[in-house]
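A closer look at the structure
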Amino acid sequence: MLKKVLVPIDGSFISFKDLDYAIQLGKAFDSEIVVTHVNDPYDLSTPVDPKTVTIPTAEQSPAEKKKAGAAALAIAQKVAEKAAYKNIAFEKAIDKDPGKRIIDMAKEIEADTIVMGNRGLGTAGAFLLGSVSTKVVAHAPCPIIVVK
């Protein structure tokens, strides 16, 4: 039923909760999980060494969360290793519109569902859902599981 699960992450605490949830789904349905992080091509922030970044917690400062976002895929790999989940792929994407890129990727990989959070690292967003998650919920080609 859920053969392929797409999990977009941004390095926020909630995005790693999403990944944990997706891993539990993956274990239950023997799913392939595809984790993606969409970088803005105009983001000029300093690269981060993933070896020095720890898995984010809810208590981290915005600066620490931003640092974690820069190494999101490396952290996601650590989360998957800790859960001993093997049927997982990690893909970095570059697009100025993360919502559109997530939707396009879901179509490309023929995702059965997308697991994502209602908020991420973004500061300006919609009332109940962040702007990226709102766009994905409205236009995705498959069901969305929104993790709070």
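Quick caveat, the model's predicted, so the values are computed rather than measured. Each residue is numbered by its place in its chain's sequence as written, counting from 1. Local features in this predicted model are restricted to residues whose pLDDT is 70 or higher, and side-chain atom pairs enter the listing and the counts only when it is 80 or higher, whereas totals over whole chains, interfaces and linings include all residues. Heavy atoms throughout the structure, all of them, feed into the side-chain values; hydrogens and water do not.

Here we look at the sheet that holds strand E2 (residues 32-39)
As a reminder of what qualifies: DSSP bridges decide pairing: two strands pair if at least two such bridges lie between them. A run of DSSP states H or I qualifies as a helix once it reaches four residues; a run of E qualifies as a strand once it reaches two. Both are numbered from the N-terminal end. Simply put, an axis is a line fit to the C-alpha atoms, just over the touching stretch for a helix, and the angle between two N-to-C directions goes from 0 to 180 degrees. Contacts were defined at the residue level, with two residues in contact if any of their heavy atoms lie within 4.5 Å.
One open sheet accounts for five strands, arranged E3-E2-E1-E4-E5; its pairing is parallel. Of all strands in the sheet, those with a lone pairing partner are strand E3 (88-94) and strand E5 (144-147), marking the two edges. When strand polarity is set aside, the average angle formed by the axes of neighbouring strands in this sheet is 25°. The sheet contact formed by strand E4 (residues 113-117) and E5 spans four bridges and is parallel. Along E5, the bridge assignment pairs glycine 117 with valine 147. The sheet strands contacting helix H3 (residues 72-82) are E2 and E3, and the helix crosses E3 at an angle near 170°.

A word on the side chain of serine 12
Here is the rule we go by: Partly exposed describes any residue whose relative accessible area lies between the buried limit of under 20% and the exposed limit of over 50%, with all areas from a 1.4 Å probe on protein chains only and scaled to the type maximum. What qualifies as a polar contact is a pair of N or O atoms within 3.5 Å, subject to a donor-acceptor requirement within protein and to the restriction that residues adjacent in sequence count only when both atoms come from side chains.
Locating serine 12 in the fold gives a position in the loop between strand E1 (4-8) and helix H1 (13-29). We classify serine 12 as buried; its relative accessible area is 4%. Within the structure, serine 12 has its side chain in polar contact with the side chain of aspartate 10 (distance 2.6 Å).

Focus: the confidence of the model for the protein chain
Threshold: The predictor attaches a confidence to each residue, and that confidence, scored 0 to 100, is pLDDT.
Of all residues in the protein chain, 71% have pLDDT values of 70 or greater, and the mean over the chain is 81. In the model of the protein chain, helix H2 (residues 62-70) stands out as the element of lowest mean pLDDT, 56, in contrast to E1, which has the highest, 97. In the predicted structure, residues 123-128 sits below a pLDDT of 50 and forms eight contacts with residues beyond four places in sequence or in another chain.

Describing the packing of H1 against H3
Put simply, the rule reads: Crossing handedness: left-handed means the near helix sits turned counterclockwise from the far one by under a right angle, and right-handed means the same turn made clockwise. Under the convention adopted here, Pro, Cys and the residues Ala, Val, Leu, Ile, Met, Phe, Trp and Tyr are nonpolar, Asp, Glu, Lys and Arg are charged, and Gly plus all remaining residues are polar.
At a closest axis distance of 11 Å, the pairing of H1 and H3 adopts a crossing angle of 40°. Taken as a pair, H1 and H3 cross one another with a handedness that is right-handed. Here H1 contributes Phe16, Leu19, Asp20 and Ile23 to the contact with H3, which in turn contributes Ala72, Ile75, Ala76, Val79 and Ala80. Its residues placed into classes, the contact of H1 with H3 shows eight nonpolar, no polar and one charged.

A short note on the pattern of salt bridges
As a reminder of what qualifies: We define a salt bridge as a contact between a side-chain nitrogen of Lys or Arg and a carboxyl oxygen of Asp or Glu at a distance within 4 Å.
By the definition in use, this model includes four salt bridges. Ionic pairing is found between glutamate 32 and lysine 4, a salt bridge with its closest N-O pair at 3.7 Å. Of the two residues, glutamate 32 sits in strand E2 while lysine 4 sits in strand E1, which places them 28 residues apart along the sequence. Owing to a relative accessible area of 26%, glutamate 32 belongs among the partly exposed residues under this scheme. The exposure class of lysine 4 is partly exposed, given its relative accessible area of 22%. Residue glutamate 108 is joined to arginine 101 by a salt bridge in which the shortest nitrogen-to-oxygen separation is 3.2 Å.

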